[in-house]
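# Structural description and commentary
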Amino acid sequence: MAEPAAPIRDMGADLAQLAFEAKLPFLDARRSGEYAEGHIAGAWCLPVWESDLDARITLFEARVRSDSRDPLVIYCGGGDCEDSRILASKLMGLGYRNLWVYHGGYPEWTQAGRPVRKGDQP
């Protein structure tokens, strides 16, 4: 599979739903407390502002073993929140090249009545 021309791209609600149905990995860039209160079902908690981010990325890689060219969906609090873009940049620096930022994030997902869960890592 060829690398996309742009390693970080935006996605809207409809494409996010299709990605969810295709069982693509979703990464939540919000703080772990927000994640525990509610997150997109099956999403991984990779909070960009917490000191154990690198360890969480390592755990994600060990459990999911994503190829750097496989698509990953990253989200945060939507709107003006930039955490998903910060996480995308971090992952790009680690060699990932097929990153999708779901701009509407968790608020848009819940407003649409899509599947959510509470608690810790999946």
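What comes next is a walk through the structure. Keep in mind that this is a model prediction, so the values were computed, not measured. (Residues numbered from 1 in each chain as written. Predicted model: local features only at pLDDT ≥ 70, side-chain atom pairs only at ≥ 80, totals over all residues. Heavy atoms only, no water.)

### A closer look at the overall build of the chain
A tally of regular secondary structure across the chain gives five helices and seven strands. Across the chain, helices and strands are ordered from the amino to the carboxyl terminus as β-α-β-α-β-β-α-β-α-β-α-β. Taken over C-alpha atoms, the radius of gyration comes to 13 Å for the chain, in line with the 14 Å a tight globule of 122 residues would show. Seen along its three principal axes, the alpha-carbon backbone of the chain occupies a region of about 35 × 30 × 25 Å. (Helix = DSSP H or I, 4+ residues; strand = E, 2+ residues; numbered from the N terminus. Rg over C-alpha atoms; globule rule 2.2 N^0.38 Å.)

### Describing the packing of aromatic side chains
Here the structure, examined in full by the defined rule, presents five aromatic pairs. With a centroid separation of 6.0 Å and an interplanar angle of 80 degrees, the aromatic rings of phenylalanine 20 and phenylalanine 26 are classed as edge-to-face. An angle of 55 degrees between the planes, with centres 5.9 Å apart, marks the rings of phenylalanine 26 and tryptophan 109 as tilted. Note that phenylalanine 26 is positioned in strand S2 (residues 26-28) and tryptophan 109 in helix H5 (residues 105-111), a separation of 83 residues in sequence. (Phe/Tyr/Trp six-rings, centres within 6.5 Å; stacked < 30°, edge-to-face > 60°.)

### Observations concerning the side chain of asparagine 98
Topologically, asparagine 98 is positioned in the loop between helix H4 (83-93) and strand S6 (99-102). Here asparagine 98 falls in the buried class, since its relative accessible area comes to 9%. (Buried < 20%, exposed > 50% of the residue type's maximum accessible area, 1.4 Å probe, protein only.)

### Comments concerning the pattern of salt bridges
Taken as a whole, this structure holds six salt bridges when the rule is applied. Its salt-bridge partner being arginine 85, residue aspartate 10 comes within 2.4 Å of it at the nearest N-O pair. Residue aspartate 10 is found in strand S1 (residues 8-11), and its partner arginine 85 is found in helix H4; the two are separated by 75 residues along the sequence. For arginine 85, a relative accessible area of 29% corresponds to the partly exposed category. Residue glutamate 50 is joined to arginine 56 by a salt bridge in which the shortest nitrogen-to-oxygen separation is 3.7 Å. For arginine 56, a relative accessible area of 17% translates into the label buried. Members of the salt-bridge network, linked through shared partners, are Glu50, Asp52 and Arg56. (Salt bridge = Lys/Arg side-chain N within 4 Å of Asp/Glu carboxyl O.)

### So, the environment of threonine 110
When you line up the elements, threonine 110 lands in helix H5. Distance in space between the C-alpha atoms of threonine 110 and histidine 39 is 8.9 Å, their sequence separation being 71 residues. A polar contact of 3.0 Å, which involves the side chain of threonine 110, links it to the backbone oxygen of proline 107. (Polar contact = N/O pair within 3.5 Å; in protein donor to acceptor, adjacent residues only side chain to side chain.)

### Thoughts on the nonpolar core
Grouped together as the largest cluster of nonpolar side chains are 17 residues, with contacts concentrated most on Leu27, Leu72, Ile74, Leu87, Leu91 and Leu99. When residues of this core are traced back to their parent elements, those giving at least two are helix H3 (53-64), strand S5 (72-75), H4 and S6. In contact with leucine 27, not counting residues within four places along its chain, are Trp44, Leu46, Phe60, Leu72, Val73, Ile74, Tyr75, Leu87 and Leu91. Listed in part, the 14 residues of the second largest apolar core include Ala16, Ala19, Tyr102 and Tyr106. (Core = buried A, V, L, I, M, F, W, Y, C linked by side-chain atoms within 4.5 Å. Contact = heavy atoms within 4.5 Å.)

### A few points about unusual backbone geometry
Of note in this structure, lysine 23 is not a glycine but carries a positive phi near 65 degrees. Position of lysine 23 among the secondary structure elements: in the loop between helix H1 (13-21) and S2. Taking relative accessible area as the criterion, lysine 23 reaches 72% and is therefore assigned exposed.

Any functional reading would require information that these geometric values do not contain.
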